[in-house]
Amino acid sequence: MEDLRHRIRDGDLMPGSLLPSEAQLCEQHGVARGTVRSALAVLVGEGVVEVVPGVGRRVAGGDGADRTTAYGRIAGDLIDQIGAGTLAPDSPLPSEATVMEQYGVSRNTARRAFKVLADSGVVVVRHGVGAFVRPAES
């Protein structure tokens, strides 16, 4: 798995990008699945790779938004808007209904996107009011 370590170090695999599946890695390197799992476990232990339940393994780092899921893409888009200043500190995020309509997703998906943002500390949720960009530190 030195190959993966080099690809990550050289920037071929960027933070947040998914690694090839175990089956793909077995085929690429001509090794058994147990060998691949052991090597991946070493990379996880080193903090180079992280496991995303139900999705796979990805390069550690990035903004915390897993952009392989609908809620991850929404959270990533909102993080990008916050970073660009389109959504200023203390400003409200779009409502769940707006996110549902804009992205064509369910209420649950919109809520999961907001949860990702809240869990990562990017926004604060004011129950009964909405989600807001975390205020600037004073």
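Model, not experiment: these values are computed from the prediction. (Residues numbered from 1 in each chain as written. Predicted model: local features only at pLDDT ≥ 70, side-chain atom pairs only at ≥ 80, totals over all residues. Heavy atoms only, no water.)

Caption draft 1: Looking closely at the overall build of the protein chain. The helix and strand inventory of the protein chain stands at six helices and four strands. Counting from the amino terminus, the protein chain carries its helices and strands in the arrangement α-α-α-β-β-α-α-α-β-β. Scaling as 2.2 N^0.38, a compact globule of 138 residues should have a C-alpha radius of gyration of about 14 Å, whereas the protein chain reaches 18 Å, well beyond that. Based on the C-alpha atoms only, the size of the protein chain along its principal axes is roughly 55 × 35 × 20 Å. Evaluated residue by residue, the protein chain yields a buried proportion of 31% over its 138 residues. Long-range pairs, those at least 24 residues apart, make up 47% of the contacts in the protein chain with a sequence separation of at least 6. Taken as a whole, the protein chain presents about 7900 Å² of accessible surface, with 52% of it coming from carbon and sulfur. Charge separation in the protein chain, taken as the distance between the mean sites of 15 positive and 17 negative side-chain charges, equals 6 Å. (Helix = DSSP H or I, 4+ residues; strand = E, 2+ residues; numbered from the N terminus. Rg over C-alpha atoms; globule rule 2.2 N^0.38 Å. Buried < 20%, exposed > 50% of the residue type's maximum accessible area, 1.4 Å probe, protein only. Contact = heavy atoms within 4.5 Å. Areas by Shrake-Rupley, 256 points an atom, 1.4 Å probe, with all protein chains shown as cover. Lys, Arg positive; Asp, Glu negative; His and termini not counted. Charge placed at Lys NZ, Arg CZ, Asp CG, Glu CD.)

Caption draft 2: Local environment of the nonpolar core. Core analysis: the largest hydrophobic core is formed by 18 residues, its most contacted members being I74, L78, L93, F114 and L117. Only α4 (70-84), α6 (107-119) and β4 (130-133) provide two or more residues apiece to this core. When residues of this core are assigned to their parent elements, the largest contribution, six residues, is made by α4. By size, the runner-up hydrophobic cluster in this structure holds 11 residues, among which are L19, L25, L40 and V49. (Core = buried A, V, L, I, M, F, W, Y, C linked by side-chain atoms within 4.5 Å.)

Caption draft 3: Region of interest: the side chain of R58. Residue placement: R58 occurs in strand β2 (residues 56-59). Looking at R58, the relative accessible area reads 9%, which means it is buried.

Caption draft 4: Geometry of the packing of helix α5 (residues 96-103) against α6. Close contact between α5 and α6 brings their axes to 9 Å; oriented N to C, the two are set at 110°. Judged on the interaxial angle alone, α6 and α5 are roughly perpendicular. Of the two elements, α5 crosses α6, and the hand of that crossing is right-handed. On α6, the residues touching E96, V99 and M100 of α5 are R107, A110, R111 and F114. Within the contact of α5 with α6, the residues separate by chemical class into four nonpolar, no polar and three charged. (Axes fitted to C-alpha atoms, helices over the stretch in contact; angles between N-to-C directions. Parallel < 35°, antiparallel > 145°, perpendicular 65-115°, else oblique. Left-handed = near helix turned anticlockwise from the far one by under 90°. Nonpolar A, V, L, I, M, F, W, Y, C, P; charged D, E, K, R; others polar.)

Caption draft 5: Fine view of the packing of aromatic side chains. With the rule as written, the count across this model stands at zero aromatic pairs. Over the ring of F132 we find R126, and its NZ or CZ is 4.2 Å from the ring centre. (Phe/Tyr/Trp six-rings, centres within 6.5 Å; stacked < 30°, edge-to-face > 60°. Lys NZ or Arg CZ within 6 Å of the ring centre and 35° of its normal.)

Caption draft 6: Just the environment of A131, in detail. Topologically, A131 is positioned in strand β4. C-alpha separation for the pair A131 and P94, spaced 37 residues apart in sequence, amounts to 8.1 Å. If sequence neighbours within four positions are ignored, A131 has contacts with S91, P92, L93, F114, V124 and V125.

Interpretation in functional terms is not warranted from these geometric data alone.
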